[in-house]
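The chain contents come next:
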Amino acid sequence: MTNDFARYSCQLALPGFNADIQQKLQNAKVLIAGAGGLGCPAALYLTASGIGTIGIADYDVVSISNLHRQVLYTPADAGLKKSVVACKKLQEQNPGVQLIAIDKKITSQNVMEVLQPYDVVIDCTDNFETKYLLNDACVLANKVMVYGAIYQYEGQVGVFNLLHSDGTHSPNFRDLFPTVNASQIPDCAEGGVMPTLAGIIGCIQANEVIKYFSGQGELLAGKIMMFDVRTLQSRIIKLKRVSETVITVLPETIAVPVISATDLKKAIDLNEYNLVDVRTFEEHHLFNIGGTNIPLNELEKNMSILNFEKPVVLYCATGKRSETAVRLIKAKFPKVKVFSLEGGIKAWEAR
């Protein structure tokens, strides 16, 4: 071990936990996809426990409105890259761990390369496109994925694609959710989330990773743990032992055309674009930058009222819902000029 005995003495004192197991943690390589509400606590405890190599993939920047649950960051970090800030702070917590900042968006073009060096992937992302992409890449690369998700007061955790002794694999994300209509599911900016829930679910994800490498306890493979932070009640839903999905190719990541807040501010004065706010009516009423308000979950049935005589710019709080909206429009009208406001209202206010 590169670290001295004192640092890990309490976990080494556990029944069944010894220096050989600690060395397994030291040799382990874990990729944390997403350095937000789930990624922060997961990264903190994996770093503290002595996981030898931790990659943190996130291309977003720190935002003030996320600090209530993204506990690695401070107001002074606003606008800085999450992956870079996270690695710098975690390195101070444990100098003996190798931390790798991956400051880029994971796509179908790069996901296999990003995953390749790691033994386990922790899914701490907040959008279904990336969850499916990570899941399928893990299946194709024969890697375990520790899934986590939170919304409002409830969270989920599961261990996907675990190799059984008979050569079969446990269920994966597509066994649980074959398809999802992302436009019908609000994100945390719209629906809200209890900050402590993020910490609980992120810590459970880290716990499953430590169990996987140490061999201590029974993994949440073929199961999904559901947790309600209001009642502190949890339940485990058993899935089938073996995956029934067949994955042979990666889903194609569609590049979404974006426009920066700086460029849009210049263009608005010239009335070059039609603006569409895809947030809720309540969000639009509190603050907006103009244009038509069509909430994302109503967009598909209201596309006929969109005016494509000029390029259309869709916007939301952070740019995530507007990206989904662009994909929906492009699927129906592939030749129209439509953009997502990069970084959303937050980026607009910061300029």
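None of these values were measured; they are calculated from a predicted model.

Conventions we followed
Residues numbered from 1 in each chain as written. Predicted model: local features only at pLDDT ≥ 70, side-chain atom pairs only at ≥ 80, totals over all residues. Heavy atoms only, no water. Pairing = 2+ DSSP bridges. Helix = DSSP H or I, 4+ residues; strand = E, 2+ residues; numbered from the N terminus. Contact = heavy atoms within 4.5 Å. Axes fitted to C-alpha atoms, helices over the stretch in contact; angles between N-to-C directions. Buried < 20%, exposed > 50% of the residue type's maximum accessible area, 1.4 Å probe, protein only. Right-handed = clockwise from strand over helix to strand, strands pointing away. Phe/Tyr/Trp six-rings, centres within 6.5 Å; stacked < 30°, edge-to-face > 60°. Lys NZ or Arg CZ within 6 Å of the ring centre and 35° of its normal. Disulfide = S-S within 2.5 Å. Salt bridge = Lys/Arg side-chain N within 4 Å of Asp/Glu carboxyl O. Polar contact = N/O pair within 3.5 Å; in protein donor to acceptor, adjacent residues only side chain to side chain.

**With respect to the sheet that holds strand 12 (residues 312-315)**
Item 1. Strand order in the open sheet formed by 5 strands is 9-13-12-10-11, with parallel pairing between adjacent strands. Whereas interior strands pair on both sides, the edge strands pair on one side only; in this sheet they are strand 9 (258-259) and strand 11 (292-293).
Item 2. One ladder, built from 4 bridges, connects strand 10 (residues 274-277) with strand 12; its direction is parallel. If you follow Leu-275 over to strand 12, its bridge partner there is Val-313.
Item 3. Taken strand by strand, helix 12 (residues 320-332) contacts strand 12 and strand 13 (338-341), and its axis lies near 170 degrees from that of strand 13.

**Topic: the pairing of strand 5 (residues 144-151)**
Item 1. Most of strand 5 sits out of view: 7 of its 8 residues are buried.
Item 2. Inspection of the sheet shows strand 4 (residues 120-123) paired to strand 5 by 4 bridges, in the parallel sense. Note on strand 5: the bridge partner recorded for Val-120 is Val-144.
Item 3. Read as a crossover between parallel neighbours, the route from strand 4 over helix 6 (residues 128-141) to strand 5 is right-handed.
Item 4. Both strand 5 and strand 6 (residues 154-160) contribute to a ladder of 7 bridges, which runs antiparallel.

**Points about the environment of Pro-171**
Item 1. Residue position: Pro-171 is located in the loop between strand 6 and helix 7 (173-176).
Item 2. Linking Pro-171 and Thr-245, residues 74 residues apart in sequence, is a C-alpha distance of 8.0 Å.
Item 3. Excluding residues that lie within four positions of it along the chain, Pro-171 makes contacts with Val-159, Phe-160, Asn-161, Gly-222, Leu-239, Lys-240, Arg-241, Val-242 and Ser-243.

**Structural notes on the pairing of strand 6**
Item 1. By the criterion of burial, strand 6 is predominantly enclosed, with 6 of the 7 residues buried.
Item 2. In sequence, strand 5 turns back onto strand 6 through a hairpin of 2 residues, with Gln-152 there showing a positive phi of about 55 degrees.
Item 3. Relative to strand 7 (residues 223-228), strand 6 runs antiparallel, the two being bridged by 4 bridges. For Gln-156, the partnering residue across the bridge sits in strand 7 and is Met-226.

**Remarks on the packing of aromatic side chains**
Item 1. All chains considered together, the criterion is met by 9 aromatic pairs.
Item 2. Centroid distance Phe-308 to Phe-333: 5.6 Å. Interplanar angle 55 degrees. Geometry classified as tilted. Placement of the pair is Phe-308 in the loop between strand 11 and strand 12 and Phe-333 in the loop between helix 12 and strand 13, with a sequence separation of 25 residues.
Item 3. For Phe-308, a relative accessible area of 26% puts it in the partly exposed group.
Item 4. Here the basic side chain of Lys-265 rests over the ring of Trp-348, its NZ or CZ set 4.9 Å away from the ring centre.

**Overview of the state of the cysteines**
Item 1. If you walk through the whole model with that rule in mind, you get 0 disulfides.
Item 2. No disulfide involves Cys-87; its nearest neighbouring cysteine sulfur is the one of Cys-40, lying 11 Å away.
Item 3. What makes Cys-87 buried here is its relative accessible area of 7%.
Item 4. Cys-138 takes part in no disulfide bond, and the closest cysteine sulfur, belonging to Cys-124, lies 12 Å away.
Item 5. A residue is classified by how much of its surface remains accessible, and Cys-138, at 1% relative accessible area, is buried.

**Brief notes about the pattern of salt bridges**
Item 1. A complete count under the given rule lists 17 salt bridges for this structure.
Item 2. Between Asp-60 and Lys-82 there is a salt bridge; the shortest N-O distance is 3.8 Å. Of this pair, Asp-60 sits in the loop between strand 2 (53-57) and helix 4 (82-93) while Lys-82 sits in helix 4, placing them 22 residues apart in sequence.
Item 3. Judged by relative accessible area, Lys-82 falls into the buried class, the value being 4%.
Item 4. For Arg-321, the salt bridge identified is with Glu-283, shortest N-O distance 2.9 Å. Of the two residues, Arg-321 is situated in helix 12 and Glu-283 in helix 11 (residues 281-286); the sequence distance between them amounts to 38 residues.
Item 5. Accessibility expressed as a relative area gives 4% for Arg-321, which makes it buried.
Item 6. Owing to a relative accessible area of 15%, Glu-283 belongs among the buried residues under this scheme.
Item 7. Where salt bridges share partners, they join Lys-105, Glu-129, Glu-323 and Arg-327 into one cluster.

**Quick word on the side chain of Gln-205**
Item 1. As for its placement among the helices and strands, Gln-205 is situated in helix 9 (residues 195-214).
Item 2. The class for Gln-205 is buried, based on a relative accessible area of 0%.
Item 3. Only 3.1 Å separates the side chain of Gln-205 from the backbone oxygen of Asp-123, close enough to count as a polar contact.
Item 4. If we skip the residues at most four places from it in the chain, Gln-205 touches Leu-38, Ile-122, Asp-123, Cys-124, Val-146, Tyr-147, Gly-148 and Val-157.

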